[in-house]
Amino acid sequence: MTLAQDKASPSARNARTPGHQASLIVQGADATGIVSALTSVLSGHGANIVSLDQYSDNPQGGAFFQRTVFTMDVLQAALPALRADLEEHLVKRYGLTCTLHDLSVPKRVAIFASKSDHCLLDLLWRHRQGQLPVSIPMVISNHPDVAEEVRSFGIPFFHVPSMGPDKSAAEAEHLRLLKDNVDFVVLARYMQILSGDFIEKAGVPIINIHHSFLPAFIGAGPYAKAKERGVKLVGATAHYVTEDLDEGPIIEQDVVRVSHADTAADLTRRGADVERAVLSRAVLWHAEDRVIRKGNHTIVFA
């Protein structure tokens, strides 16, 4: 296995993350001595560990996951030598995968949206308030409805129509806009299905949000259908996108209780509230390297 290097480009520091902090994500087969080797490497470079979270799904030959946040003086200058030592003492010795990320360099996220704007505007507001340690180089939508609201946040807006069964032209334009400009993508109620070819060529994680009624109440008007069935809970799920529609690794979920007195409009409003909260947490946790994927499963150090 190799020592992965985060590809985020330098940007303005976000108020949420102090300078000189980095995250180290380690995963692989569990073995005696991993934590000792990791902390020895960090201390040898003068790093001060701020937090350390770890999990093993089976101490007897299972998988090991760890997220460590540490501080170092002159962090950028020290990273190459630190990567070399991690390669020698963790990657080669234990066969682990390590990802090192300077937390003062925000990940770049492109947001895809359609006509529904509650998740999109919530993310833009949280970003403006310094609550999300990301940079947003673009918002892309298949409708022009939210253009002026997006631009009021000082963020470029791109209208890319996507109509009919053939989405190839739209996806080609999406890929052109994304190329070398983003580290992940968020679908903020983007009401289009992404092709497997697009997912592969995008080459970055994609996070989606949807109501948690699935696989029930599929299609249009899920909250009206839920009202007809007398549901008692509404919720939302944020997950990574895979070729299997709405079946990717789950990052976060939440629910709220509703009653017979709630109208379909009430359910829609309360569902939108949950969607906003769940998606913002998923974006935050991904941006802070708190989510580790293993197949169709996630370990979330929230």
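Residues numbered from 1 in each chain as written. Predicted model: local features only at pLDDT ≥ 70, side-chain atom pairs only at ≥ 80, totals over all residues. Heavy atoms only, no water.

Asks: Lay out the pattern of salt bridges with the relevant residues and their values.
Replies: In the structure shown here, the tally under the stated rule is 15 salt bridges. Taking the shortest distance from any N to any O, the salt bridge between Asp254 and Arg281 comes out at 3.2 Å. Of this pair, Asp254 sits in strand 12 (residues 250-257) while Arg281 sits in helix 8 (residues 264-287), placing them 27 residues apart in sequence. A residue is classified by how much of its surface remains accessible, and Asp254, at 33% relative accessible area, is partly exposed. Residue Arg281 is classed as partly exposed on the basis of its relative accessible area, which comes to 25%. Taken together, the salt bridges that share partners define one network made up of Glu252, Asp254 and Arg281. (Salt bridge = Lys/Arg side-chain N within 4 Å of Asp/Glu carboxyl O. Helix = DSSP H or I, 4+ residues; strand = E, 2+ residues; numbered from the N terminus. Buried < 20%, exposed > 50% of the residue type's maximum accessible area, 1.4 Å probe, protein only.)

Asks: Could you give an account of the sheet that holds strand 10 (residues 206-211), with specific residues and numbers?
Replies: Pairing between the strands of a sheet comes from backbone hydrogen bonds, and it takes one of two forms, parallel or antiparallel. With mixed pairing, the seven strands of this open sheet are ordered in space as 8-7-6-9-10-11-12. The open sheet has two free edges, formed respectively by strand 8 (157-159) and strand 12, since each of these has just one partner strand. Sheet twist, expressed as the mean angle between neighbouring strand axes with direction ignored, is 20°. Where strand 10 and strand 11 (residues 233-240) come together, five bridges link them in antiparallel fashion. Bridged to His211 within strand 11 is Ala236. Across the sheet, helix 3 (residues 118-128) is in contact with strand 6 (107-113), strand 7 (134-141), strand 9 (184-188) and strand 10; its angle to strand 7 comes to roughly 155°. Against the sheet, helix 8 engages strand 6, strand 7, strand 9, strand 10, strand 11 and strand 12, with an angle of about 150° to strand 12. (Pairing = 2+ DSSP bridges. Axes fitted to C-alpha atoms, helices over the stretch in contact; angles between N-to-C directions. Contact = heavy atoms within 4.5 Å.)

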